[in-house]
Amino acid sequence: MSTRSEGPLGLDDDALAACVACGLCLPHCPTYRVTGLEFASPRGRIAAMREVEAGSMPIDDSFERAMTECVQCRACEAACPSSVPFGHMMEDTRAALTEQEHGTSASRPRRALEWVGYRLVLPHHIVLLGATWLLLAAQKLHLVPKRLALPALSPRSLARRLDVERGGQPHAWLFTGCVMDAWLRDTHRSTARVMRATGATIARPGAGGDCCGALHVHAGRREEARTLARRIIASMPGDAPVVVNSAGCGAAMKEYGVLLDTPDARAFSARVRDFSEWVVERGVPATSRSATPIVVQDPCHLRHVQRSHLAVRTALGESFALVELDDDGLCCGAGGAYAATQPELATAIRDRKVDAIRNAVGQPDPVVASANPGCMLHLRAAGLDVRHPADLLAEVLDG
Amino acid sequence: MCFPDSAETIAAAVRVARRHGRPFVARGSGTGLAGGAVPVDDPVVIVTTRCNRVLDVDPVQRVAWVEPGVLNLDLSRTIRHLGLHYAPDPSSQAACSIGGNVATNAGGPHCLAYGVTAMHVLAVEVVLPDGSVTTLGGLEPDAPGYDLRGCFVGSEGTMGIATRIAVRLTPNPPEVATLLLDFTSVDDAAATVSGTIASGALPAALEMMDAKITRAVEDFVGAGYPRDAEAVLLVEVDGLADGVAEQVAAVSEIGKANGARHVRVAADDAERALLWKGRKSAFGAIARIAPDYYLHDAVVPRSKLLDVLRRVYAIADEHALTMMNVFHAGDGNLHPLIAYDRRQPGVWEHVYEAGTEILRTCIDAGGVLSGEHGVGLEKRDLMPLLFSPDDLDAQARLRDAFDPDGAANPEKVLPRGSRCGELTAERASIGDKSCPLSTHALWWCRSVGEHIGKLAVGRPRSATGSWKCARPRA
């Protein structure tokens, strides 16, 4: 039975002890890859956690920095032969840092901004949509600096409702989420087309089924995440599979069982499917063959957390010539809100990914498939043509 | 601590350290298993992780110049499209750096057929401990003069730091086959190893894992390693297609004759990669059994493999410790691994004692202290188990020729008292200027040597009779 340590972070003792420091995680860590710093690596971060828990190191700015610089891609977890649960240790650590409000240098404006983001905008879909319209207006007036790398929003897409009913008793739920629905609603339209092409009836979640809380978990705002998770579970009753086309959301929802630790949550988690995973289970609908080669970029939370990244290949393989990357699924640096909170590191990490993509296909403007809104937006900001597998499939659907 | 990003800045870091009278130690990925990069004596730590460029690849001459921080597997990846790879493949190859490989003269499963790091390093540009930069060895087949490159490879940072390395690139074999043989006893597996080598076959790799480690590894990779086997052998043969087929048949036959239950040949590259991923994750998977481990790295003559293995398990039983073996069976390079939990009181003493007994067993069987991990800090004080004072003195004088001030990675590899010459300093420090060196040296060598001998093994080494220093040096 695992026990919680009595240190200031309250981490799981056995998890802390389980790292044998072999270093096999290092090449898979995006921040280690671009900095070469031990404390920017999983092994170094665990060593720092151990020191803090043992009381031999204070929680200071450098510790907080080492923890907040982690993208939480969890590639180290997949690479770890001893399966050290690094993702959960990092979430526990961030939760402790957030809850205890250590007198570190996190500034008041930053905290205020976080409050607006996590408490006001993300959980209230209407506010998010309103903010998106404002953003769109600002974009039209050229008030949004390019370096923020925000997506080009389409008023046409935003003005039209998604043609999927809320609630009911569908064959499968289409989880629409918060940012996806505001910024990438066309991808939901593609997802709905493909799902219906398999003969399934679909519905969107009922009231409250918007924000899954993934970003909250990453930021250590676990109580808020729990509240959101309960809302999500209540919004999609029954036994029908919950289809998620955002890898980050899907990964978080598959971990509701751990987050809430209730039978209901575990049962819900077992129903969650990534879009491609569900399409492959259900049977890929008939498509025509396209000549476009597609570079497959695996979102970390699809590959390292859900570990269902192979389904994308099965779903797209019949219709497209797929090109694999030779980088062991190294993170692109998007990491949920990471691209916004750590722009320098996120850009350095992305540069590696962009090189890997261009080298793999041997041409400057390849089409890239990526099943996560964060990666899509982050890589698009580097000038790549990135599309969701659902968009790609919808284009080649027969009839 | 500093993070240079080029050959020039590494050299500058060494010069700055020396100007301030500080020793220095290089650190790569920190995957070493003998503590070679552990800072002792408050040195400047020169981290090479940012020197990670492959500078030049010549596919015709099959040579690449790389910076020391390039990861071993990254190098092979970079040249894969040329049909080439870098042959030495330590288990940590995904994470370890070429610079670290050069420092320890690293081995790996495929070194059985292809040779260890020293055979794949043609030249090294090094910054010497005085801050000057020079190139040892060369790209020509037989570089003139003494083979100082050979000295440097495996010197564990005690002769300077490699700043650029010219490595030999190996063509990918036209055909590869990987076999997994499983046995109901370690004895049968060991007999298969001896049988294979005795038959004249030279597999590219010949690896053994025992029951516990096989199960831990299988929990991680799910490669289909048999959970009920007492031992498995992972054998790889490569070469031209016909020869490979023949070797597969030969190894299978020898295995079956020695009681192999199944012989599985990997069907494709993916299956082969998964099997190797299992083998190469073995050490990292130990925490599935216990959170700490003490790993040894001794080499014994292959003819003694079985006897030594039995004794190794017996030693662990006597100390009630969990013992696992995963090793390069083909070249007799044992990796007895003791898994334990440091939170358990008193366990470390047993682990250490058992470890020393194991090493003594290996050396008594005609083996050596280290196969590929190096000596570093961990085995430094065990050096007198294997080397006579003459041997140690010769090594110390070679080291001094590179680093007369002892600034490069101090306190590593050679135990204190290795040099008879150290006496001059010791004597000066105790204010004794009159004592004739010859008698004093003898006394010092004897007492220091005995002291180390006792520390290490509890008794002086008897094979050489005494600790007498034959050639005291003024």
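Residues numbered from 1 in each chain as written. Chains lettered and ligands numbered in written order. Predicted model: local features only at pLDDT ≥ 70, side-chain atom pairs only at ≥ 80, totals over all residues.

## Some words on the overall build of chain B
Helix and strand counts for chain B come out as 15 helices and 18 strands. Taken over 474 residues, chain B has a buried fraction of 51%. Here the contacts in chain B between residues at least 6 apart in sequence split such that 71% fall between residues at least 24 apart. (Helix = DSSP H or I, 4+ residues; strand = E, 2+ residues; numbered from the N terminus. Buried ≥ 20, exposed ≤ 12 C-beta atoms within 10 Å, placed from the backbone. Contact = placed C-beta atoms within 7 Å.)

## Some thoughts on the overall build of chain A
The number of helices and strands found in chain A is 23 helices and eight strands. For chain A, whose C-alpha radius of gyration is 21 Å, the value lies close to the compact-globule estimate of 21 Å for 399 residues. Considered along the principal axes of its C-alpha atoms, chain A spans approximately 65 × 50 × 45 Å. Counting over 399 residues, chain A shows a buried share of 50%. When contacts within chain A are restricted to residue pairs at least 6 apart in sequence, long-range pairs at least 24 apart make up 72% of them. (Rg over C-alpha atoms; globule rule 2.2 N^0.38 Å.)

## Observations concerning the sheet that holds strand β5 (residues 293–296) of chain A
All names here are of chain A. Strand order in the open sheet made by the four strands is β6-β5-β7-β8, with parallel pairing throughout. Each edge of the open sheet carries a strand with a single partner, namely β6 (321–323) and β8 (385–387). Across the sheet, the mean angle separating the axes of adjacent strands is 35° when strand polarity is ignored. Here strand β7 (residues 367–369) runs beside β8; their pairing, made up of three bridges, is parallel. Within β8, the position partnered with A369 by the bridge is R387. (Pairing = 2+ DSSP bridges. Axes fitted to C-alpha atoms, helices over the stretch in contact; angles between N-to-C directions.)

## Focus: the environment of M49(A)
Residue and element names in this part refer to chain A. By the element assignment, M49 lies in helix α3 (residues 42–54). For M49, a count of 27 C-beta atoms within 10 Å translates into the label buried. The sequence separation of M49 and P8 amounts to 41 residues, and the corresponding C-alpha distance is 9.8 Å. Excluding its chain neighbours within four sequence positions, the residues that come into contact with M49 are L9, L11, L16, M89 and T93.

## Observations concerning the interface of chain B and chain A
Contacts between the two partners involve 22 residues from chain B and, on the opposite side, 15 residues from chain A. Along the lines of polarity and charge, the residues of the side of chain B that touches chain A split into 12 nonpolar, seven polar and three charged. (Nonpolar A, V, L, I, M, F, W, Y, C, P; charged D, E, K, R; others polar.)

## Observations regarding α3(A)
Residues and elements named next belong to chain A. Here α3 contains 13 residues, and its C-alpha end-to-end distance of 18 Å stays within 8% of the 18 Å for a straight helix at 1.5 Å per residue. Inspection of α3 places P42, R43, R45, I46, M49 and V52 among the buried residues, and these make up the whole buried set. Turning to α3, the residues buried within the fold contact α1 (13–17), α4 (61–68), α5 (75–79) and α6 (86–100). The first or second residue beyond α3 is G55, which carries a positive phi of 85°. (Expected span 1.5 Å × (residues − 1).)

## Structural notes on the packing of helix α6 (residues 186–198) of chain B against helix α8 (residues 241–257) of chain B
Residues and elements named next belong to chain B. For the pair α6 and α8, the least separation of the axes is 9 Å and the interaxial angle reads 140°. Accordingly, the angle class assigned to the pair α6 and α8 is oblique. As α6 packs across α8, the resulting crossing turns out to be right-handed. Residues T192, G195 and T196 of α6 form the contact with α8, whose participating residues are V251, I254 and G255. (Parallel < 35°, antiparallel > 145°, perpendicular 65-115°, else oblique. Left-handed = near helix turned anticlockwise from the far one by under 90°.)

## Brief notes about the domain arrangement of chain A
Residue and element names in this part refer to chain A. Along its sequence, chain A is carved into domain 1 (13–100), domain 2 (162–280) and domain 3 (286–396). Each of domain 2 and domain 3 was reduced to a C-alpha centroid, and the two centroids are 21 Å apart. Taken together, the contact between domain 2 and domain 3 spans 25 residues of the former and 22 residues of the latter. Looking at the side of domain 2 that touches domain 3, the elements with two or more residues in it are α10 (179–183), α11 (185–197), α12 (214–218), α14 (247–254) and α17 (275–282). Class assignment for the residues of the side of domain 2 that touches domain 3 results in 12 nonpolar, nine polar and four charged. (Domains from an automatic or database assignment.)

## Considerations on the environment of A37(B)
Residues and elements named next belong to chain B. The residue A37 is located in the loop between β1 (24–27) and β2 (44–47) in this model. Given 26 C-beta atoms within 10 Å, A37 falls into the buried group. In this structure, the C-alpha to C-alpha distance between A37 and L377, residues 340 residues apart in sequence, is 8.6 Å. In this structure A37 touches V25, A26, R27, G30 and G32, once residues within four positions along its chain are discounted.

## With respect to the packing of α3(A) against α4(A)
Residues and elements named next belong to chain A. Here α3 crosses α4 at 140°, and the two axes come no closer than 10 Å. Our classification of the angle between α3 and α4 gives oblique. Helix-helix and strand crossings are classified by hand; for α3 and α4 the assignment is left-handed. Contact with α3, carried on its side by R45, A48 and V52, involves F63, A66 and M67 of α4 and no other residues of that element.

## A word on the confidence of the model for chain B
Residues and elements named next belong to chain B. Residue-level pLDDT values for chain B average 88, and 88% of them are 70 or greater. pLDDT under 50 marks residues 423–474. Its contacts with residues more than four places away, or in other chains, come to 63 contacts. Reported for the predicted complex are a pTM of 0.89 and an ipTM of 0.88. (pLDDT = per-residue confidence, 0-100.)

## Re the pairing of β5(A)
Residue and element names in this part refer to chain A. Examined bridge by bridge, β5 and β6 share three bridges and lie parallel to one another. Bridge assignment links V295 to a residue of β6, and that residue is V323. Relative to β7, β5 is paired through three bridges, and the arrangement is parallel. Bridging across to β7, V296 finds its partner in A369.

## Brief notes about the sheet that holds strand β3 (residues 242–244) of chain A
An order of β2-β1-β3-β4 (chain A) is seen for the four strands of this open sheet, with the pairing classed as parallel. Of all the strands in the sheet, just β2 (202–203) and β4 (272–274) of chain A have a single pairing partner and so form its edges.

## Some details on α6(A)
With 15 residues, α6(A) should reach 21 Å at 1.5 Å per residue; the first-to-last C-alpha distance of 21 Å fits that figure. Residues of α6(A) that are buried: F86(A), G87(A), M89(A), M90(A), E91(A), D92(A), T93(A), R94(A), A96(A), L97(A) and T98(A).

## Comments concerning the domain arrangement of chain B
Residues and elements named next belong to chain B. The assigned domain composition of chain B is domain 1 (7–171), domain 2 (175–283), domain 3 (290–364) and domain 4 (387–457). One C-alpha centre belongs to domain 2, the other to domain 3, and the line joining them spans 22 Å. The interface of domain 2 with domain 3 comprises 18 residues on the first partner and 13 residues on the second. Mapped onto the side of domain 2 that touches domain 3, the elements with two or more residues apiece are α6, β11 (205–210) and α7 (211–221). Residue composition of the side of domain 2 that touches domain 3, by class: 13 nonpolar, one polar and four charged.

## Points about the pairing of strand β7 (residues 133–137) of chain B
Consecutive residues of a regular strand have side chains that alternate between opposite faces of the sheet. Residues and elements named next belong to chain B. Two elements, strand β6 (residues 121–127) and β7, share five bridges in a ladder whose sense is antiparallel. Looking across to β7, one finds that V124 is bridged to L136. The turn joining β6 and β7, which pair antiparallel and follow one another in sequence, is formed by five residues; a positive phi near 95° is taken by G131.

## Topic: unusual backbone geometry
When glycine is set aside, most residues are seen to have a negative phi, and most peptide bonds are trans. Residue and element names in this part refer to chain A. Positive phi is not limited to glycine here, since S83 has a value of about 50°. Mapped onto the secondary structure, S83 falls in the loop between α5 and α6. The class of S83 is partly exposed, set by 16 C-beta atoms lying within 10 Å. In this structure, D328 is a non-glycine residue whose phi angle is positive, near 55°. Among the secondary structure elements, D328 is positioned in the loop between β6 and α20 (338–341).

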